Amino acid sequence: MVISMMTLSQGDQSVNWGDQTGYPHKMGVEKMTRLHFYFHDVQNGKNPTAIRIAEAPGSKASSTLFGAMNMMDERLTEGPDPNSKLVGRAQGFYGFSSKSEVSLIMGMSIVFTANKKFNGSTIVVLTQNAVTHTEREFAIVGGTGYFRFARGYISGKTYRITVPNSIIEYDCTIVHQ
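As recorded by an unreviewed UniProt entry, the protein chain carries the name Dirigent protein and is attributed to Papaver nudicaule. On record in UniProt, under Subcellular location (unreviewed entry), the comment for the protein chain is "Secreted, Extracellular space, Apoplast". You can read under Subunit (unreviewed entry) in the UniProt record for the protein chain the words "Homodimer."

Okay, here's the thing in structure tokens:
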């Protein structure tokens, strides 16, 4: 990876905003971490964790809800029981992105809270999610804290669906600094 420096100029003034530049930059030894937990999507009841924030004029008439958008703050737990130990939250959005099948585009930060090692660290997911497929894969595109410079993937497997709520089993493979 090469990091470059830029100089901005306005008239006769020059401003250097990149005072810490190294050529080439070494990232150091990478680690691989594997995590396993359950994602709980609750869309109804007294305390939903995903709510509709927008929808296109034809979304309700569409068999795939194409054009609808939800915001989420989902529980992540150690086991499939919603009352099992909380390990973090999945916070972000998902939009129904296909006219031909129920499929989402998801952007979320998985924020870990369970232990001292991972507490406050995140992994960032930006991915397509074909929800009717029992097994699917999600892209990890970044992270913070313990998972700084993260990349990798999540294997998502439907554990249980009680429409409109679901529990998804997540197996994460994370490569990070």
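Picking up after the structure, the text goes on.
The subject of this paragraph is the overall build of the protein chain. The helix and strand tally for the protein chain stands at 0 helices and 11 strands. When its helices and strands are written in sequence order, the protein chain yields β-β-β-β-β-β-β-β-β-β-β. Within the protein chain, buried positions represent 35% of all 177 residues. Counting every atom, the protein chain has about 10600 Å² of accessible surface; 55% of that belongs to carbon and sulfur.

Our next topic: the packing of aromatic side chains. In the structure shown here, the tally under the stated rule is 11 aromatic pairs. Aromatic rings pair up to connect Phe 37, Phe 39, Phe 112, Phe 118, Phe 138, Tyr 146, Phe 147 and Tyr 170 into one cluster.

What follows covers the pattern of salt bridges. For the structure on display, the rule yields 4 salt bridges. Glu 55 is the salt-bridge partner of Arg 52, the closest N and O atoms lying 3.0 Å from each other. Owing to a relative accessible area of 35%, Arg 52 belongs among the partly exposed residues under this scheme. Relative accessible area serves as the criterion here: at 34%, Glu 55 is assigned to the partly exposed category. Note that Asp 73 is salt-bridged to Arg 89, the shortest N-O span being 2.9 Å. With Asp 73 in strand 5 (residues 69-77) and Arg 89 in strand 6 (residues 86-96), the pair connects residues that are 16 residues apart, well separated along the chain. Taking the relative accessible area as the measure of exposure, Asp 73 reaches 32% and is therefore partly exposed. A cluster of three or more residues bridged by salt bridges with shared partners is formed by Arg 52, Glu 55 and Lys 60.

Rules used in this analysis
All chains use their own residue numbering, which begins from 1 and follows the written sequence. Totals for whole chains, interfaces and linings use every residue, but because this is a predicted model, local features are given only for residues with pLDDT of at least 70 and side-chain atom pairs only at 80 or more, for both listing and counting. The basis for every side-chain value is the complete set of heavy atoms in the structure, and neither hydrogens nor water enter the calculation. UniProt positions are given in the numbering used here, feature names are shortened, and annotations may be inferred rather than shown by experiment. Working definition: helices are DSSP H or I runs of at least four residues, strands are E runs of at least two. Numbering for both runs from the N terminus. Exposed residues in this analysis have more than 50% of their type's maximum accessible area, buried residues have under 20%, and partly exposed residues fall in between, with area computed by a 1.4 Å probe over protein chains only. For accessible areas, the Shrake-Rupley method is used with a probe of radius 1.4 Å. Any residue's cover is judged against the shown protein chains and nothing else. Note on aromatic pairs: the rings of Phe, Tyr and Trp (six-membered ring only in Trp) are paired at centre separations within 6.5 Å, and the planes decide the class, stacked below 30 degrees, edge-to-face beyond 60, tilted for the rest. Any carboxyl oxygen of Asp or Glu within 4 Å of a side-chain nitrogen of Lys or Arg constitutes a salt bridge here.

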